[in-house]
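# What the coordinates show
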Amino acid sequence: MTDLSDRMTAGQDPADPTSRGLTRRSLFQGAGGLAVAGAGLGAGLSGPAMAQEAQGAGLRGNINHSVARWTFGDMALADLCVLGTSVGLRAIDLCGPDDWPTLREHGMDSSMCNGAEISLEDGWADPANHATLIENYTRHIALVAEAGYTNLICFSGNRRGMSDEEGLANCAEGLAHILPLASEAGVVLQMELLNSRVNHPDYLCDRSAWGVALCERLDSENFKLLYDIYHMQIMEGDVIRTITEHNQWFGHYHTAGNPGRNEPDDSQELNYPAICRAIRDTGYQGWLAQEFVPRDPSPDAAAQSLRDAVLTCDV
């Protein structure tokens, strides 16, 4: 990779992250939740069966819909599963081993597993974290594979003064220790792209160019990027072109409206039907997870927001 620094301009606008109930920061604070899950907790439907289920719920079957657990944190997981099933979801995002029995009970997949990370701020960019992360991910890769799931989230962590190239080298060195295990287990590590301007100041993996460079360096089918549309709209925009040109590196998608991280409706600047058509047209077969925070958290209003969001993105 050449001229990486020229392609990476740090954001300047500080702001507090959205916080209500269960938050991204609290969800990923620590590597807890590593309780051993029993065998046979496996994934839900996939492929043609999933498309048939979606069509039965009035959806087109072109997009595999999910929702992030933390954004409906005021709702019991079992209730979220029931709501999700009613609107055509087949999975819940950002769930760990303690959640998997509930998902299994309700016939839901774990579209993005978590629990191996230290925190959003302390990730693979800092070599001081490598020993702990290697131990955590070695154990968690086995749990994810045993449960029959595929995706496991990871984070670069914060920059803390290091250059783009230094952070890239550190991440690649650490991840190289666990990628053979992930490959053998059929698990895909997904590093999330987060904005460093509004929600996650100093986060390193905050631009598509940097994330793609890491993918190219690792050169593994078991390492992809979680392309968060909300976060990348804040950092760089040009979402549809980026998806079209670099989709081979994107293994998962998150949605939310910008500004505000609320519903992906016509009150915000992202054109989600067009974006989702672009994702569909790449031939993508993975998950698209709603990760918006409902403006009105009351159960009925939040449920309607999720229904509307799924229909908005169902193309």
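Here the structure is shown first, and the text comes after it.
Read on for a plain summary of the structure. (Residues numbered from 1 in each chain as written. Predicted model: local features only at pLDDT ≥ 70, side-chain atom pairs only at ≥ 80, totals over all residues. Heavy atoms only, no water.)

### A look at the pairing of strand β3 (residues 109-113)
Most of β3 is tucked away: five of the five residues are buried. Across four bridges, strand β2 (residues 91-95) lies against β3 in parallel orientation. Within the sheet, the bridge partner assigned to C95 lies in β3 and is C113. The handedness of the β2 to β3 crossover, carried by helix α5 (residues 100-105), is right-handed. (Buried < 20%, exposed > 50% of the residue type's maximum accessible area, 1.4 Å probe, protein only. Helix = DSSP H or I, 4+ residues; strand = E, 2+ residues; numbered from the N terminus. Pairing = 2+ DSSP bridges. Right-handed = clockwise from strand over helix to strand, strands pointing away.)

### Notes on the pattern of salt bridges
Inspection of every chain in the model, using the stated rule, returns nine salt bridges. Residue E165 is joined to R217 by a salt bridge in which the shortest nitrogen-to-oxygen separation is 3.9 Å. Linking E165 in helix α7 (residues 164-175) with R217 in helix α9 (residues 208-218), this pair joins segments that are 52 residues apart in sequence. Exposure remark for E165: the relative accessible area of 32% places this residue in the partly exposed category. R295 is paired through a salt bridge with E263; the nearest N and O atoms lie 3.0 Å apart. Taken together, the positions of R295 in the loop between β8 (287-290) and α13 (299-313) and E263 in the loop between β7 (250-255) and α12 (272-281) put the pair 32 residues apart, joining distant regions of the chain. (Salt bridge = Lys/Arg side-chain N within 4 Å of Asp/Glu carboxyl O.)

### Side note on the nonpolar core
Grouped together as the largest cluster of nonpolar side chains are 89 residues, with contacts concentrated most on L175, L189, M191, L214 and F223. Setting aside residues up to four positions removed in sequence, L175 forms contacts with W124, L189, M191, L214, L218 and F223. (Core = buried A, V, L, I, M, F, W, Y, C linked by side-chain atoms within 4.5 Å. Contact = heavy atoms within 4.5 Å.)

### Some thoughts on the pairing of strand β6 (residues 223-228)
The side chains of a regular strand alternate between both faces of the sheet. Burial analysis of β6 places six of its six residues in the buried class, the great majority of the element. Direction of pairing for strand β5 (residues 188-192) relative to β6: parallel, over a ladder of four bridges. Each bridged residue has a counterpart across the sheet, and for L189 the counterpart in β6 is F223. Tracing the backbone out of β5, into α9 and back to the parallel element β6 gives a crossover that is right-handed. Of the pairings in the sheet, the one linking β6 to β7 comprises four bridges and is parallel in character. Bridge assignment links L225 to a residue of β7, and that residue is F250.

### Regarding the side chain of N262
Within the element layout of this structure, N262 appears in the loop between β7 and α12. For N262, a relative accessible area of 18% puts it in the buried group. Excluding anything up to four places from it in sequence, N262 contacts A256, G257, F292, V293, P294 and R295.

### Some words on helix α4 (residues 77-86)
Of all the residues in α4, the buried ones are L77, L80, C81, L83 and G84. The buried residues of α4 occupy one face: seen down the axis, they fall within an arc of 165 degrees. If you follow the buried residues of α4, they end up packed against β1 (64-68), β2, α5 and α13. Backbone geometry just after α4 places G88 at a positive phi near 95 degrees. (Arc of directions from axis to C-beta.)

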